[in-house]
Amino acid sequence: NTKKTLDGKTVLITAGPTYEAIDPVRFIGNHSSGKMGFSLAEEASKRGAKVILISGPSSEKVSNKNIELHKVTSAKEMMAKVFEFYDTADIGIASAAVADYAPKEVAKEKIKKNDENLTIELVKNPDILKSMGEKKAHQFLVGFALETQNEEENAKAKFEKKNLDMIVLNSLRDEGAGFKNDTNKIKIFTKTEKKEFDLKSKENVAKDILDCIEGQLLK
Ligand code: PMT
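Residues numbered from 1 in each chain as written. Predicted model: local features only at pLDDT ≥ 70, side-chain atom pairs only at ≥ 80, totals over all residues.

Named according to an unreviewed UniProt entry, the protein is Coenzyme A biosynthesis bifunctional protein CoaBC originating from Chryseobacterium profundimaris.

1. Points about the overall build of the protein
Each helix and strand counted, the protein has 5 helices and 14 strands in total. Taken against the 2.2 N^0.38 rule, which gives 17 Å for 219 residues, the C-alpha radius of gyration of the protein at 18 Å falls within 12% of a compact globule. By principal-axis analysis of the C-alpha atoms, the protein measures approximately 60 × 40 × 30 Å. Of all 219 residues assigned to the protein, the portion counted as buried reaches 40%. Contacts spanning at least 24 positions in sequence make up 62% of the contacts within the protein whose residues lie at least 6 apart. (Helix = DSSP H or I, 4+ residues; strand = E, 2+ residues; numbered from the N terminus. Rg over C-alpha atoms; globule rule 2.2 N^0.38 Å. Buried ≥ 20, exposed ≤ 12 C-beta atoms within 10 Å, placed from the backbone. Contact = placed C-beta atoms within 7 Å.)

2. Brief notes about the pairing of strand β4 (residues 50–55)
Of all the 6 residues making up β4, 6 are buried; the element is thus mostly covered by neighbouring parts of the structure. Here β4 shows no split at all, with K50, I52 and I54 on one side and V51, L53 and S55 on the other all buried. Summarising the sheet, β4 and strand β5 (residues 67–71) pair through 5 bridges and their orientation is parallel. Residue pairing for β5: L53 is matched across the bridge by L69. (Pairing = 2+ DSSP bridges.)

3. A word on the site of the ligand
Residues in close proximity to the ligand total 27 residues, the closest being S33, K35, A94, I128 and L129. The element best represented in the shell around the ligand is strand β9 (residues 140–147), accounting for 4 residues. (Near = placed C-beta within 6 Å.)

4. Points about unusual backbone geometry
Residue N150 is not a glycine yet carries a positive backbone phi of 40°. Along the chain, N150 turns up in the loop between β9 and α4 (151–161). The class of N150 is exposed, set by 10 C-beta atoms lying within 10 Å.

5. Notes on the pairing of strand β6 (residues 91–94)
Residues I91 and I93 line one face of β6 and the alternating positions G92 and A94 line the opposite face, and both faces are buried. Bridge analysis of β6 against β9 gives 4 bridges, and the strand direction is parallel. What sits directly across from I93, in β9, is V142.

6. Remarks on the packing of helix α1 (residues 35–46) against helix α5 (residues 202–217)
Two elements in contact, α1 and α5, have axes whose closest approach is 8 Å; the angle formed by their N-to-C orientations is 60°. When the axis of α1 is compared with that of α5, the two are oblique. The two elements α1 and α5 meet at a crossing, and its hand is right-handed. Each of K35, M36, S39, L40, E43 and A44 in α1 lies in contact with α5, whose residues at this interface are K202, E203, V205, A206, K207, I209 and L210. Of the residues that constitute the contact of α1 with α5, the class distribution is 7 nonpolar, 1 polar and 5 charged. (Axes fitted to C-alpha atoms, helices over the stretch in contact; angles between N-to-C directions. Parallel < 35°, antiparallel > 145°, perpendicular 65-115°, else oblique. Left-handed = near helix turned anticlockwise from the far one by under 90°. Nonpolar A, V, L, I, M, F, W, Y, C, P; charged D, E, K, R; others polar.)

Structural data, given as structure tokens:
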């Protein structure tokens, strides 16, 4: 029986990968399963929050009506959905692995395999979390950093650049952390604090993250 510590709060969560179309049959994507974001959604709803979960392609399911699931495909669609609801959110958590680049043009027909080399021009996608940071009013904003090197330095830079209140770092150098696994190993940074956690199930990682958010909100 979880205490309803987030009763009356609205939590907006991005989850999963984005798929950026190349042609009608192909896309650029990544290995995100959505598990981390869906675990956060489940835990927040157990604590009494209304959850708006905006997810890229994922096979994860939601368990109850207090989680409003909006499925999107590309970064641009995710961005539009986020800003449909951002004003209503008390807490924003960006756990999605958004593609940083998308093909400049989407071929109308399937690209034929003719030449030895094929070049696809990519253009930068919007940074959803950065925009959330720029438009931040009453929201408590939490970002993720998925790193493979200079982890803490990169996470702190993202914390500043995106105007966050908290950042959750996971490193692909840690066994069992990051993509696809049912487990994750995180560090959490706020302006003044750093907390390090052991490898745990994503359900339990979600609890740690929400405990930290609640701790900050009560300050
Ligand atoms: O889905 P799972 O398989 O469970 O895996 C979970 C996870 C590894 C995807 C998750 O724990 C995680 O780390 N998510 C963030 C992945 C990521 O893309 O990190 P980043 O360091 O590239 O981005 C930094 C932050 O900016 C993230 O909060 C990201 O959501 C956000 N971002 C990034 C680019 C962009 N165009 N828009 C964004 O909002």
